Amino acid sequence: MNKMSRIKNLIIAAVMIVFAGVMLAWPQFGTPMIMLVVGLYLLFYGIYSLIFYFTMAIHMVDGKRVFYRGILLLDLGVFMLSAYRGSERLVFLYLMLMLAASGAIDLVRALDFRKQGASWKFRAVMGVVCILLLISAFIYRKEPTTLTYMYCIGMFVSAINRVVSAFRTTAIVYIP
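Quick caveat, the model's predicted, so the values are computed rather than measured.

A.B. asks: Please explain the packing of helix α2 (residues 30–55) against helix α6 (residues 144–167) as it appears in this structure.
C.D. replies: Angle between the axes and distance between the axes: these two values describe a pair of packed helices. Packing of α2 against α6 leaves a shortest axis separation of 9 Å and a crossing angle of 45°. One finds that α2 runs oblique with respect to α6. Of the residues in α6, those touching α2 at G30, T31, I34 and V38 are P144, L147, T148 and Y151.

Shown next, in the form of structure tokens:
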């Protein structure tokens, strides 16, 4: 990871911590804020992926994958923004899917890192935290403020993960 990537990760982590703090201060506005931010993020990342496809990835091997990802993210962003004043069920479904996918991916990657002899304990702890958040979010699914708290905890965990990865030294392997 180069210096600009490290700085970018630190800035994103700081923004995530500030946004989670704002949502913790006003949890009654948490669900619409989650839908608005996630919808805008998906919309802009979809547009970015499409621009990247038409400027560069069209000439790359497996470039259509970038195109399909851009279309999918753009559609999901428009869907989230169109349901901005919708029910908490959509945000709850998003949160549950996000926590399940993140926890499962972290645990599988930790097992893979353990087989390779790399550091795996932090990744395993992050996966277990995501799974525990998933279970607690499912138990307290009737209260919308609890949903906001779970989302904020997930954002804090993700921000910590970004900060740790920004300060982790990158191994350089030279192949003769």
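A.B. asks: Looking at this structure, I do not really get the pattern of salt bridges. What am I missing?
C.D. replies: Two side chains bearing opposite charge may form a pair once their charged atoms approach each other closely. Enumeration according to the criterion identifies two salt bridges in this entry. The partner of R65 in a salt bridge is D62, and the shortest N-O contact between them spans 3.3 Å. Given the relative accessible area of 47%, D62 is considered partly exposed. A salt bridge links R123 to D106; the nearest nitrogen and oxygen atoms lie 3.3 Å apart. In this pair, R123 sits in helix α5 (residues 121–139) while D106 sits in helix α4 (residues 88–116), placing the two residues 17 residues apart along the sequence. The same class applies to R123 and to D106, which are both buried.

A.B. asks: Which parts of the structure should I look at to understand α6?
C.D. replies: Taking 1.5 Å per residue, 24 residues should reach 34 Å; α6 reaches 35 Å between its end C-alpha atoms and fits that length. Those residues of α6 that sit buried are T146, L147, T148, M150, Y151, C152, G154, M155, V157, A159, S165 and A166.

A.B. asks: When you look at the environment of S158 in this model, what are you seeing that I'm missing?
C.D. replies: Relative to the assigned elements, S158 resides in helix α6. When the C-alpha positions of S158 and S119 are compared, they lie 18 Å apart, and in sequence the two are 39 residues distant.

A.B. asks: What is the right way to read the packing of aromatic side chains from this model?
C.D. replies: For any pair of aromatic rings, the description rests on two quantities: the centre-to-centre distance and the angle between the ring planes. Per the counting criterion, the structure on display carries six aromatic pairs. For the pair Y53 and F54, a centre-to-centre distance of 5.1 Å together with 70° between the ring planes defines the contact as edge-to-face. Note on Y53: relative accessible area 10%, which makes it buried. Taken together, the ring pairs in this structure connect Y53, F54, F67 and Y68 into an aromatic cluster.

A.B. asks: I would appreciate a short explanation of the side chain of S49 in the present structure.
C.D. replies: By the element assignment, S49 lies in helix α2. For S49, a relative accessible area of 2% translates into the label buried. The residues contacting S49, other than those within four sequence positions of it, are V66, R69, G70 and L73.

A.B. asks: Is there a simple way to think about a nonpolar patch on the surface in this case?
C.D. replies: Side chains of L36, V37, L40, F44, I47 and I51 sit close together on the surface and give an oily, nonpolar patch of about 480 Å² of accessible area. Note that I47 resides in helix α2.

A.B. asks: Would you explain the environment of V163 in this entry?
C.D. replies: Mapped onto the elements of the fold, V163 is located in helix α6. Owing to a relative accessible area of 28%, V163 belongs among the partly exposed residues under this scheme. V163 sits 153 residues away from L10 along the chain, and the two C-alpha atoms are 5.8 Å apart. Not counting residues up to four positions away in its chain, the partners in contact with V163 are L10 and A13.

A.B. asks: Even after reading the chapter, I still don't get unusual backbone geometry, so can you show me in this structure?
C.D. replies: What is expected of a backbone is that most residues other than glycine have negative phi and most peptide bonds are trans. The backbone of D62 shows a phi angle near 65°, a positive value even though the residue is not glycine. As for its placement among the helices and strands, D62 is situated in the loop between α2 and α3 (64–82).

A.B. asks: Hey, could you run me through the packing of helix α1 (residues 3–25) against α6 in this one?
C.D. replies: α6 packs onto α1 with a crossing angle of 160° between their chain directions and a minimal axis gap of 9 Å. Here α1 is positioned roughly antiparallel relative to α6, judged by the angle of their axes. Viewed along their axes, α1 and α6 form a crossing whose handedness is left-handed. Taken together, the residues of the contact of α1 with α6 sort by class into 18 nonpolar, five polar and two charged.

Rules used in this analysis
- Residues numbered from 1 in each chain as written.
- Predicted model: local features only at pLDDT ≥ 70, side-chain atom pairs only at ≥ 80, totals over all residues.
- Heavy atoms only, no water.
- Axes fitted to C-alpha atoms, helices over the stretch in contact; angles between N-to-C directions.
- Helix = DSSP H or I, 4+ residues; strand = E, 2+ residues; numbered from the N terminus.
- Parallel < 35°, antiparallel > 145°, perpendicular 65-115°, else oblique.
- Contact = heavy atoms within 4.5 Å.
- Salt bridge = Lys/Arg side-chain N within 4 Å of Asp/Glu carboxyl O.
- Buried < 20%, exposed > 50% of the residue type's maximum accessible area, 1.4 Å probe, protein only.
- Expected span 1.5 Å × (residues − 1).
- Phe/Tyr/Trp six-rings, centres within 6.5 Å; stacked < 30°, edge-to-face > 60°.
- Patch = residues over 30% accessible without salt bridge, like charges linked within 9 Å, V, L, I, M, F, W, Y side chains within 5 Å.
- Areas by Shrake-Rupley, 256 points an atom, 1.4 Å probe, with all protein chains shown as cover.
- Left-handed = near helix turned anticlockwise from the far one by under 90°.
- Nonpolar A, V, L, I, M, F, W, Y, C, P; charged D, E, K, R; others polar.

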